[in-house]
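Here is what each chain is made of, one letter per residue.
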Amino acid sequence: MATEETRRQVVIIGSGPAGLTAAIYTARANLNPLLIDAPADTERQTTPGGQLMITTDVENYPGFAKGIEGPELMMEFRKQAERFGTEFLEEWITKVDLQQRPFTLYTENRTIKADTLIIASGASAKWLGVPGEAKTPHGFGGNGVSACATCDGPLPAFRNKRLLVVGGGDTAMEEATFLTRYAAKVYLAHRRDKLRASKIMQEKAFRNEKIEFLWNTELVEILGTQADGVNAVRLRDTRSGEDRTTDVEGVFIAIGHKPNTELFKGQLDMDAVGYIKTNGHSTATNIPGVFACGDVQDSVYRQAITAAGTGCMSAIDAERFLDHLPVEMPSGEEITDEGEHITADRRLIIEPDGEIISNEPAFE
Ligand SMILES: Cc1cc2nc3c(=O)[nH]c(=O)nc-3n(C[C@H](O)[C@H](O)[C@H](O)COP(=O)(O)OP(=O)(O)OC[C@H]3O[C@@H](n4cnc5c(N)ncnc54)[C@H](O)[C@@H]3O)c2cc1C
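Residues numbered from 1 in each chain as written. Predicted model: local features only at pLDDT ≥ 70, side-chain atom pairs only at ≥ 80, totals over all residues.

What follows deals with the overall build of the protein chain. The helix and strand inventory of the protein chain stands at six helices and 24 strands. Expressed as a percentage of the 364 residues in the protein chain, the buried residues total 41%. A sequence separation of at least 24 residues applies to 56% of the contacts in the protein chain between residues at least 6 apart. (Helix = DSSP H or I, 4+ residues; strand = E, 2+ residues; numbered from the N terminus. Buried ≥ 20, exposed ≤ 12 C-beta atoms within 10 Å, placed from the backbone. Contact = placed C-beta atoms within 7 Å.)

Turning our eyes to something else, we now look at unusual backbone geometry. In this model, Arg101 is joined to Pro102 through a cis peptide bond whose omega is -5°. You can see Pro102 is positioned in the loop between strand E6 (95-97) and strand E7 (103-106). You will see that Asn30, though not glycine, has its phi angle at about 60°, which is positive. By the element assignment, Asn30 lies in the loop between helix H1 (17-28) and strand E2 (34-37). Phi angles above zero are rare outside glycine, and Arg302 is one such case at about 45°.

A low pLDDT score tells you not to read the predicted coordinates there in detail. Mean pLDDT over the protein chain: 88, with 89% of residues reaching 70 or higher. Low pLDDT, under 50, characterises residues 342-350; the predicted model gives this stretch 29 contacts beyond four residues in sequence or across chains. (pLDDT = per-residue confidence, 0-100.)

This brings us to the packing of helix H4 (residues 170-179) against helix H5 (residues 199-207). Running from amino to carboxyl end, H4 crosses H5 at an angle of 30°, the nearest separation of the two axes being 9 Å. Taken as axis vectors, H4 and H5 run roughly parallel relative to one another. Considering the relative orientation of H4 and H5, their crossing is left-handed. Contacts from Asp170, Met173, Glu174, Ala176 and Thr177 of H4 reach H5 at Met201, Gln202, Lys204 and Ala205. (Axes fitted to C-alpha atoms, helices over the stretch in contact; angles between N-to-C directions. Parallel < 35°, antiparallel > 145°, perpendicular 65-115°, else oblique. Left-handed = near helix turned anticlockwise from the far one by under 90°.)

Another aspect to go through is the sheet that holds strand E14 (residues 217-225). Read across the sheet, three strands follow the order E14-E15-E16 without closing on themselves; strand pairing throughout is antiparallel. The sheet is open, and its two edges are formed by E14 and strand E16 (243-247), each paired on a single side. Shown here is a sheet whose adjacent strand axes are inclined to one another by a mean of 30°, direction ignored. As defined by bridge partners, strand E15 (residues 229-237) adjoins E16 across five bridges and the pair is classed as antiparallel. Of the residues in E16, the one forming a bridge with Arg234 is Thr245. (Pairing = 2+ DSSP bridges.)

Taken together, five strands build an open sheet; the order of strands is E10-E17-E11-E12-E13 and the sheet is parallel. Looking at strand neighbours, the two that pair on one side only are strand E10 (145-146) and strand E13 (211-214), the edges of this open sheet. The pairing of strand E12 (residues 185-189) with E13 spans four bridges and is parallel. Within E13, the position partnered with Leu188 by the bridge is Phe213. In this fold H4 packs onto strand E11 (162-166), E12, E13 and strand E17 (250-253), with an angle of close to 170° to the strand it touches most, E11.

Moving on: H4. Residues lying three or four places apart along an α-helix face the same way, a consequence of the helix completing one turn every 3.6 residues. With respect to burial, H4 is a largely interior element, nine of its 10 residues being buried. Residues of H4 that are buried include every one of Thr171, Ala172, Met173, Glu174, Glu175, Ala176, Thr177, Phe178 and Leu179, and no others.

Around the ligand, a shell composed of 39 residues is seen, among which Gly14, Gly16, Gly50, Gly122 and Gly294 lie nearest. Of all the secondary-structure elements, those providing two or more residues to the shell around the ligand are H1, E2 and helix H6 (304-322). For the shell around the ligand, the class distribution of residues is 19 nonpolar, 16 polar and four charged. (Near = placed C-beta within 6 Å. Nonpolar A, V, L, I, M, F, W, Y, C, P; charged D, E, K, R; others polar.)

Here H1 contains 12 residues, and its C-alpha end-to-end distance of 17 Å stays within 8% of the 16 Å for a straight helix at 1.5 Å per residue. Taken across its 12 residues, H1 has 11 buried, putting it largely inside the fold. Along H1, the residues that are buried comprise Pro17, Ala18, Gly19, Leu20, Thr21, Ala22, Ala23, Ile24, Tyr25, Thr26 and Ala27. Buried residues along H1 sit in contact with strand E1 (4-13), E2, helix H2 (70-83), strand E8 (110-119) and H6. Just beyond H1, the residue with positive phi is Asn30, at close to 60°. (Expected span 1.5 Å × (residues − 1).)

Attention now moves to the environment of Ile335. Within the secondary structure layout, Ile335 lies in strand E21 (residues 333-335). Taking the number of C-beta atoms within 10 Å as the measure of exposure, Ile335 has 19 and is therefore partly exposed. When the C-alpha atoms of Ile335 and Phe321 are compared, they prove to be 7.9 Å apart, with 14 residues separating the residues in sequence.

Quick look at the structure:
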């Protein structure tokens, strides 16, 4: 099939809070952004609208005193981006070439050229890799094992059943608490004797009578039959090394997320986990004209509001870059669309048409 080619000043990958905020800002700046997001796909764990599409109450997003459901919040973001002329494309990006500008993005049927690229591809759930966890028919994934309580918890297979949640962070607390709406009982297994979750999330889980904490406990195997799904788990005491079997009919793995950065490996600088490295004062990556925002570059905060905040930063950085204004790079130098490298301690004088007429030391 022939591929269609499009060229844009700004292309954004991802329609979570970061990507949609970048779209709102760049669309209002008349940069006619193209926002690309993958179609809904359980295998790849993608949902247009990003991670908040799989949660219910969002109580901490400023401006919504009574809270708001995740999908409703993302619909509002999207409508605001549409209002200012963002164009949306629902396709999976298979390859990117960031070696020269314009950058090239490939989908199955299309080649997209981008003068600037804003990466907001977020993060995905992590798995343990224990026997029984793989997707059916190799394991019980999709047949009693899940990584998303809000997606699968209400399903009849989990209603009024005994469930196990694995993890010790906010995701595990939220998943366990949510599951008590439907389940008969929720065991929460954590490898240590202390949780990593925020205090408020811990307290909510501790108060919930349907949750039983299994401390110093590791999941080693998920048991069951392909016909009837999960019926038990093998758990190990991390101090004594002893195994025991506990009857449960469902398992939720809630051990966190990994950044969606496979596409950019070998081209963009990343940390050991795979989070894209950006400059503390900007969202610039090591490639001039490529910016990263949201969870894909944030291993610390990972919240909708911080994703939206960095989405705004990326948009402003892309605008500045296209206007031939300097953007501070992770290396400490500043760089413009014209490829001028300027050290951060130098002051620029720029003509209204964008021409740099002087590049003087900032401090005498
Ligand atoms: C269960 C749950 C509950 C949460 N609750 C809250 C909460 O109450 N409050 C809060 O502030 N935060 C909450 N968070 C965290 C919040 O959802 C994230 O911090 C936020 O969504 C990150 O936004 P993002 O835009 O960086 O990325 P994401 O929301 O992860 O969006 C990234 C998008 O990029 C797309 N994508 C990835 N790779 C490709 C590709 N190759 N091609 C095309 N598209 C691609 C994905 O499909 C996805 O739509 C929650 C998270 C979870 C999982």
